[in-house]
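Residues per chain, in single letters:
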Amino acid sequence: FIAFVYFSVLDIVLLEGVFFHDSELQDDNSGSLVILNQTAARLLFPDRSAVGRRIEIGTSTYQVAGVVKDTRDVRLEEKPQPRLYWHYAFGGAQVVVRTTSPSEALIPMLRDVVKQTDSRVWIDGIRPMSAIVASAVAERRFLMILVAAYATIALGVAAVGIFGVAAYQVAQRTNEFGVRLALGATPNGVLRLVLKQAGRVALIGVLVGLAFSFAANRLLASQLFGLNPHDPWLLAAVSLLLLCVALLASFFPARRAARINPIEALRHE
């Protein structure tokens with residue numbers, strides 16, 4: 001029962017076999033059954049089911065009672081490692097509690113329960129799982145925040161640069177736009193022309209950036225867990241964002257070009 005509660009509290013799914021039972025403990029409060037995770041089962045028994053098989057650890061032989069889903073219990077970004085769960089009824093130093101209530105409200109009650117059970121028990125600390133996970137990823141979260149901040153700054157600098165280049169091109173082509181308007185081109189046509197040319201350049205830049213991102217994402221892959229660095233939806237969303245920023249930065253110079261007075265443009269010529 002204790003083992004079943006342990007796996008249930010930690011939400012570790014049983015894939016094959018059965019959980020431990022307290023009645024299976026021997027006189028020394030240790031069992032002869034073990035439970036493997038998926039990685040260990042594939043490693044030890046690649047071509048057959050691990051349930052019912054026997055493994056030797058030192059001078060002892062254990063029987064595999066079940067196989068459970070892999071977990072990441074060391075570093076979240078690492079691949080699951082082979083794990084073995086042994087039925088052991090004493091020497092435990094950690095207690096896991098699962099609840100739907102807020103952890104802040106539950107912690108004082110847990111301390112009181114332990115104190116009432118045995119006042120000699122010393123509690124080193126009680127931490128919610130969210131805090132444990134947060135501390136495990138704190139360094140990488142800080143690095144990702146820096147990367148996100150740099151990316152935001154780079155996006156702003158790129159937008160300012162695109163605006164400057166587009167404005168300069170419009171200023172250099174003032175006479176051309178004046179001639180176009182004098183020959184019958186509409187302001188909306190000039191606006192679309194400038195945006196089309198800016199969008200073409202931005203699209204080429206996005207394609208080049210995607211090519212570099214596939215190479216750079218290999219370096220970021222070690223800092224990610226549960227995410228695909230080459231997620232097509234994410235890459236598509238970022239590419240669309242960059243195109244929108246480029247078109248928005250080009251819109252104001254393009255609108256200025258559409259508002260050029262043909263007579264003044266030709267007079268300037």
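Just so we're clear, the structure is a prediction, and the values are computed from it rather than from any experiment.

Draft legend 1. Local environment of the packing of helix H4 (residues 129–136) against helix H5 (residues 138–172). Look at H4 against H5: their axes get within 4 Å of each other, and the N-to-C directions meet at 60°. Viewed along their axes, H4 and H5 adopt a mutual orientation that is oblique. Where H4 approaches H5, its residues Ala134, Ser135 and Ala136 are matched on the opposing element by Ala138, Arg140 and Arg141. Residues that form the contact of H4 with H5 fall into these classes: three nonpolar, one polar and two charged.

Draft legend 2. Summary view of the environment of leucine 15. Checked against the element boundaries, leucine 15 lands in strand E1 (residues 14–17). As a C-alpha pair, leucine 15 and lysine 69 span 54 residues in sequence and 6.5 Å in three-dimensional space.

Draft legend 3. The arrangement of the pairing of strand E3 (residues 54–57) in detail. Summarising the sheet, E3 and strand E4 (residues 60–68) pair through four bridges and their orientation is antiparallel. Looking at the pairing, arginine 54 lines up with glutamine 63 of E4.

Draft legend 4. A nonpolar patch on the surface, seen in detail. There is a patch of nonpolar side chains on the surface, built from Ile57, Leu84 and Trp86 and spanning about 260 Å² of accessible area. With respect to the secondary-structure elements, leucine 84 resides in strand E5 (residues 84–88). On the accessibility criterion, leucine 84 (37% relative accessible area) is partly exposed.

Conventions and cut-offs
- Residues numbered from 1 in each chain as written.
- Predicted model: local features only at pLDDT ≥ 70, side-chain atom pairs only at ≥ 80, totals over all residues.
- Heavy atoms only, no water.
- Axes fitted to C-alpha atoms, helices over the stretch in contact; angles between N-to-C directions.
- Helix = DSSP H or I, 4+ residues; strand = E, 2+ residues; numbered from the N terminus.
- Parallel < 35°, antiparallel > 145°, perpendicular 65-115°, else oblique.
- Contact = heavy atoms within 4.5 Å.
- Nonpolar A, V, L, I, M, F, W, Y, C, P; charged D, E, K, R; others polar.
- Pairing = 2+ DSSP bridges.
- Patch = residues over 30% accessible without salt bridge, like charges linked within 9 Å, V, L, I, M, F, W, Y side chains within 5 Å.
- Areas by Shrake-Rupley, 256 points an atom, 1.4 Å probe, with all protein chains shown as cover.
- Salt bridge = Lys/Arg side-chain N within 4 Å of Asp/Glu carboxyl O.
- Buried < 20%, exposed > 50% of the residue type's maximum accessible area, 1.4 Å probe, protein only.

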